[in-house]
Amino acid sequence: MTEIPRGTVQQTFYEQVGGEPTFRRLVHRFYEGVAEDPLLRPMYPEEDLGPAEERLALFLMQYWGGPRTYSERRGHPRLRMRHVPFVVDRAAHDAWLKHMRVALDELELAPEHAEQLWNYLTYAAGSLINTPD
Ligand code: HEM
């Protein structure tokens, strides 16, 4: 048995940033922003934002290498298809990212982790725009 030297064990990004509590905090703070947002809040079909918060947290945890609970519950993410019922225009995109930026900053991650997460979120948000101005 060859021992893997300490410090060279491969960690997922999910683990590197602190696992579930980090993603829970991110998404919780994000939805506090959404709850106050005059453009975004009416887009969410449910009165209670809790279930939407749960779905986004589980999705992000899975995406970054954590447990696959999202897909066990919801199946393949197919995010573009799941956003078709909503008008995701430039204004909605900007508002969504604004609340994410606030939430991300409050996590105080290492700059390279924050950058990696932000790059993904901005790319993903751009790919979900489905309504031209
Ligand atoms: C671009 C601006 C965006 C807007 C306006 C938006 C809006 C919404 C709305 C209204 C819902 C329905 C709430 C629910 O029932 O869960 C939703 C669901 C969801 N969104 Fe977004 N979203 C945006 C971007 C993103 C991005 C960038 C991601 C991923 C990185 C994402 C991931 C999800 C997930 C995982 C769900 C739940 C899907 C499901 O399992 O049903 N969204 N979004």
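Residues numbered from 1 in each chain as written. Predicted model: local features only at pLDDT ≥ 70, side-chain atom pairs only at ≥ 80, totals over all residues. Heavy atoms only, no water.

*Asks:* What should I look at first to understand the overall build of the protein in this one?
*Replies:* In terms of helices and strands, the protein carries seven helices and zero strands. Counted from the first residue to the last, the protein has its helices and strands arranged as α-α-α-α-α-α-α. Summarising its shape, the C-alpha atoms of the protein cover approximately 60 × 30 × 30 Å along the three principal directions. Looking at the 133 residues of the protein, the share that counts as buried comes to 40%. Sequence-distant contacts in the protein: of pairs separated by 6 or more residues, those separated by 24 or more amount to 68%. A total accessible area of about 8,400 Å² is found for the protein, and carbon and sulfur atoms account for 54% of it. Charge separation in the protein, taken as the distance between the mean sites of 15 positive and 20 negative side-chain charges, equals 6 Å. (Helix = DSSP H or I, 4+ residues; strand = E, 2+ residues; numbered from the N terminus. Buried < 20%, exposed > 50% of the residue type's maximum accessible area, 1.4 Å probe, protein only. Contact = heavy atoms within 4.5 Å. Areas by Shrake-Rupley, 256 points an atom, 1.4 Å probe, with all protein chains shown as cover. Lys, Arg positive; Asp, Glu negative; His and termini not counted. Charge placed at Lys NZ, Arg CZ, Asp CG, Glu CD.)

*Asks:* What's the story with the packing of aromatic side chains in this structure? I'm lost.
*Replies:* Aromatic ring pairs: the centre-centre distance and the angle between the two ring planes describe each pair. Throughout the structure, instances matching the rule amount to ten aromatic pairs. With a centroid separation of 5.7 Å and an interplanar angle of 20°, the aromatic rings of Y14 and F23 are classed as stacked. Each member of the pair, Y14 as well as F23, is classed as buried. Ring centres 5.1 Å apart and planes at 75° place the aromatic pair Y63 and W64 in the edge-to-face group. (Phe/Tyr/Trp six-rings, centres within 6.5 Å; stacked < 30°, edge-to-face > 60°.)

*Asks:* Could you clarify how one ought to interpret the coordination of the iron atom of the ligand in this entry?
*Replies:* Six octahedrally arranged donors around a metal ideally form angles of 90 or 180 degrees; four tetrahedrally arranged donors ideally form angles of 109.5 degrees. For the iron atom of the ligand, the protein supplies a single donor, H83 (NE2), at a distance of 2.0 Å. Tracing the chain through its elements places H83 in helix α5 (residues 79-83). (Donors = N, O, S within 2.8 Å, 3.2 Å for Na, K, Ca; no water.)

*Asks:* Sorry if this is basic, but what is going on with the packing of helix α2 (residues 20-35) against helix α3 (residues 50-63) here?
*Replies:* Working note: a packed helix pair is described by the angle between its axes plus the distance between those axes. Running from N to C, α2 and α3 cross one another at 140°; their axes reach a closest spacing of 9 Å. Between α2 and α3, the crossing angle belongs to the class labelled oblique. Remark: the crossing between α2 and α3 carries right-handed chirality. Of the residues in α3, those touching α2 at E20, F23, R24, L26, V27, H28, F30 and Y31 are A52, E53, E54, L56, A57, L58, L60 and M61. (Axes fitted to C-alpha atoms, helices over the stretch in contact; angles between N-to-C directions. Parallel < 35°, antiparallel > 145°, perpendicular 65-115°, else oblique. Left-handed = near helix turned anticlockwise from the far one by under 90°.)

*Asks:* I would appreciate a short explanation of the site of the ligand in the present structure.
*Replies:* Taken together, 21 residues lie near the ligand, and R55, Y70, R74, H83 and W96 sit nearest. Y70 is positioned such that a nitrogen or oxygen atom in its side chain is 2.6 Å from an oxygen atom of the ligand. In this structure, H83 approaches the ligand through a side-chain N or O atom, which is 2.9 Å from a nitrogen atom. Elements supplying a minimum of two residues to the shell around the ligand: α3, α4 (69-74), α5, α6 (90-107) and α7 (111-127). (Near = heavy atom within 4 Å. Polar contact = N/O pair within 3.5 Å; in protein donor to acceptor, adjacent residues only side chain to side chain.)

*Asks:* Sorry if this is basic, but what is going on with the pattern of salt bridges here?
*Replies:* Using the criterion set out here, one finds seven salt bridges in the structure. Among the salt bridges present, the one from E46 reaches R55, with a minimum N-O distance of 2.9 Å. Accessibility expressed as a relative area gives 36% for E46, which makes it partly exposed. The exposure class assigned to R55 is partly exposed, which follows from its relative accessible area of 29%. For the salt bridge of E54 with R73, the shortest nitrogen-to-oxygen distance reads 3.3 Å. Of this pair, E54 sits in helix α3 while R73 sits in helix α4, placing them 19 residues apart in sequence. Residue class for E54 comes out partly exposed when judged on its relative accessible area of 28%. Overlapping salt bridges bring together E20, R24, E54 and R73 as one network. (Salt bridge = Lys/Arg side-chain N within 4 Å of Asp/Glu carboxyl O.)

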